[in-house]
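One-letter residues, chain by chain:
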Amino acid sequence: MAGSSCYNPGYPTLVCAPNIVTMKLSGRDNYDAWRIQMLCLLESHDMLHFILPTTENSSVSGDQMLWRRSDAVVKGWILGSLSQKPLEVVVILVKTNTYITSKDVWDKLHTIYGPPALPLQDAAAEIKEVEEEKRTGIKEIKKKKRKALGRLYAATLSKSFPRVEEILRQGVVTWADKITINGNTALHVAVGTTSTNDEEFLINMLNLATPSLDMKNSDGSTLLHVAAIVGNTKAAELLVGRNRDLLFAQDNDGQRPLARALSNMHFETSYYLLRKFYKVSDQDTETGLASQSFCEKEYMPLTEIHNVLMAIAQNFPSKLNFWERMFEGSTCSFIILGYDFNLPRFKFVEAIERKQKNYNDAKNLLKYMCRFIKSKTDASSHHEHYINAILEATRQNADEVVKIIVSELPNAIWSTNEHGHNIIQYAVITRSEKVYNLLYQMSGHKNIYKTIKDPFGNNLLHLAARLAPSDKLNHISGAALQIQSELKWFKEVQESAWSLNSIQKNSSGETPQMVFTKEHKELVIEGEKWMKETAQSYTITAALIITIVFAAAITVPGGNNQDNGIPEFTNKTAFKVFAISDAISLFTSATSLLIFLSILTARFSEQDFLFKLPTKLMIGLTTLFISTTAMLVAFGATLYLMFCRNNPRMLVPVAALTCLPIACFLTLQFPLIKDLWTNTYGRSIFGPGS
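Residues numbered from 1 in each chain as written. Predicted model: local features only at pLDDT ≥ 70, side-chain atom pairs only at ≥ 80, totals over all residues. Heavy atoms only, no water.

Here I405 shows up in helix α19 (residues 399-408). The class for I405 is buried, based on a relative accessible area of 1%. Separated by twelve residues in the primary sequence, I405 and A393 place their C-alpha atoms 10.0 Å from one another. In contact with I405, not counting residues within four places along its chain, are L366, C370, Y386, I390 and A412. (Helix = DSSP H or I, 4+ residues; strand = E, 2+ residues; numbered from the N terminus. Buried < 20%, exposed > 50% of the residue type's maximum accessible area, 1.4 Å probe, protein only. Contact = heavy atoms within 4.5 Å.)

Spacing of three or four residues puts side chains on the same side of an α-helix, whose turn is 3.6 residues. Within helix α26 (residues 512-519), burial applies to P512, V515 and F516. The buried residues of α26 occupy an angular sector of 100 degrees when the element is viewed end-on, so they sit on one face. Its buried side turned inward, α26 meets α23 (460-464) and α25 (479-496). (Arc of directions from axis to C-beta.)

This part is about the confidence of the model for the protein chain. Looking at the protein chain, the pLDDT average stands at 78 and 77% of residues meet or exceed 70. Per-residue pLDDT, averaged within each element of the protein chain, yields its smallest value for helix α14 (residues 291-296) (34) and its largest for α26 (94). Confidence over residues 1-11 falls short of pLDDT 50; this stretch has 15 contacts with residues more than four positions distant or in other chains. (pLDDT = per-residue confidence, 0-100.)

This part takes up the packing of helix α15 (residues 305-315) against helix α18 (residues 382-395). α18 packs onto α15 with a crossing angle of 15 degrees between their chain directions and a minimal axis gap of 8 Å. Viewed along their axes, α15 and α18 adopt a mutual orientation that is roughly parallel. At the point where α15 passes α18, the crossing takes the right-handed sense. Contacts from I305, H306, L309, M310, A313 and Q314 in α15 reach H385, Y386, N388, A389, E392 and A393 in α18. Broken down by class, the residue content of the contact of α15 with α18 amounts to seven nonpolar, four polar and one charged. (Axes fitted to C-alpha atoms, helices over the stretch in contact; angles between N-to-C directions. Parallel < 35°, antiparallel > 145°, perpendicular 65-115°, else oblique. Left-handed = near helix turned anticlockwise from the far one by under 90°. Nonpolar A, V, L, I, M, F, W, Y, C, P; charged D, E, K, R; others polar.)

Now for a nonpolar patch on the surface. Taken together, F322, W323 and M326 make up a surface patch of nonpolar side chains, about 400 Å² in accessible area. With respect to the element layout, W323 can be found in helix α16 (residues 322-327). (Patch = residues over 30% accessible without salt bridge, like charges linked within 9 Å, V, L, I, M, F, W, Y side chains within 5 Å. Areas by Shrake-Rupley, 256 points an atom, 1.4 Å probe, with all protein chains shown as cover. Salt bridge = Lys/Arg side-chain N within 4 Å of Asp/Glu carboxyl O.)

With that settled, the discussion passes to the packing of α25 against helix α27 (residues 521-554). At their nearest, the axes of α25 and α27 sit 7 Å apart, and the two run at 135 degrees to each other. Taken together, α25 and α27 sit at an angle that is classed as oblique. Relative to α27, α25 is oriented so that their crossing is left-handed. Here α25 contributes A479, A480, Q482, I483 and E486 to the contact with α27, which in turn contributes L523, V524, E526, G527, W530 and M531. Here the residues of the contact of α25 with α27 are counted per class, giving seven nonpolar, two polar and two charged.

Following this line, the structure appears as structure tokens:
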């Protein structure tokens, strides 16, 4: 083909004539169509100059010529695919234009035979509609998944495994999908909500994910972390039995399941997890690994023993009190005609038993940890693991923790803090009376602790003279009661210590009394302010009561007889109740007024806060309560005399209304009276029976 070497790669070079010229010239009727096709063929081969004058193409440049040749090929292909009638349309178009391109032919045919063109706005709307349909489809999918996740969550909470299976079979969600806002899967929810009665359901749920049980939520908590947090020991047993590596997994805070169980005070679960750690250690030892190599692994690093003991010391549960011990293990059962009937147990009895079980589990766990230290660590480093725990237990007043650690690790008795204070000295500083009372259970160490001094020359009485920590004082209501508590603590330590301690001086040249006065100067001022404000408020109340009952005594209900001046209701029982109550109210309110006035005029010395001022305040509150009660009784008797003589049933609402303010006074003021009585005349803080 002539000139084919000059073509650009984008232009067609090989053209088959029958693909363009599809008809033979048979006469005048088809000449125009045949002519157009032949011109396209010749132009595409650059042979048009053989039949046309040279002047027709002289003005066309080389690049334009190449483009026209390719356009002629395309135009010829289009014409070759037309039948007779559409071809005639193109012939008319050629006759009416000097030169037509393949695009002109394409547009003309599209205009005649194609669908009507959409306006630009309609086309944009159609595109937008398609996109909206796609988004709607995605929304429907998401909506369907949300509903499925909600059903899965509800089925998991209701412990219905058939429903869970049915939801998962639908294929919309899986067991690994997050169904809560904190990223919990259905397995997390199952572990966190099941109890011992739902073991079968939990096993079925765990079978869904076996052996992959290491999924985490957004907090990084595995299934075993969740079991430890909620105290689900049965779930922990199932999980550890299937995947022991869960024992060593850490959450986003770097905490293992054992640490989570301890921090949430689930000692039964903690005890189980700790025994599993110990079991792993035994297996490693059987394979020939030394205990030190065991500690270097991720199983139970000895550096974490400190954290475990600290968690126990900080969260050790309390013993049952006297009343709880009375109800412990109590059952409601009786026998009728040889049949044993057991009534449902009360909730508070079950709570008492759970408390006792938690206490026993905590003791067992603590003993286990102490024995673990003895068997798995070097004797010279034992103190590194328990020293902070025993000091924290002393600060928390957890005497059981101190006793267990000392009984298992006797050298713990000599533990000291960074200031050189031993356990008993630290107990005096932190006001931990239960730990200080351990002195009375000691034999040989008892006298040593009474005479020992700290590095600054302070004996026990110097330490007792210090101001108590704020967390201890905040539990006592009112600055006056706080200074009273401090005085009582100082006096009782003074009685239990050696008599020479009272006059000994520390390295600063201060006696214990001097230290006490200096440390409690501000508290004494606050106590004086509190006592005066309290007494002033009650003084106003007592004065109002005196005014009311005195006026009532002069203007008796029903008035007086004009002839002899005797009250009209003298012979009525209700009037006698009124007279007696009014007199009692007047005398007691006057007494309380005088007592509160004596408080306002007191000198408020340091020692007055121990007995004198609290006793006055307690007597004043008691007489004020009696006067208030008597005044209300007198008012109730007056109401009965005036309005209820012919209707005795009205006595019931009158009595009920009279009891209402009395009950309010008791509820609001009795705790203060109780605290005053307990702190002033209660049993001693120290001693074998305390």
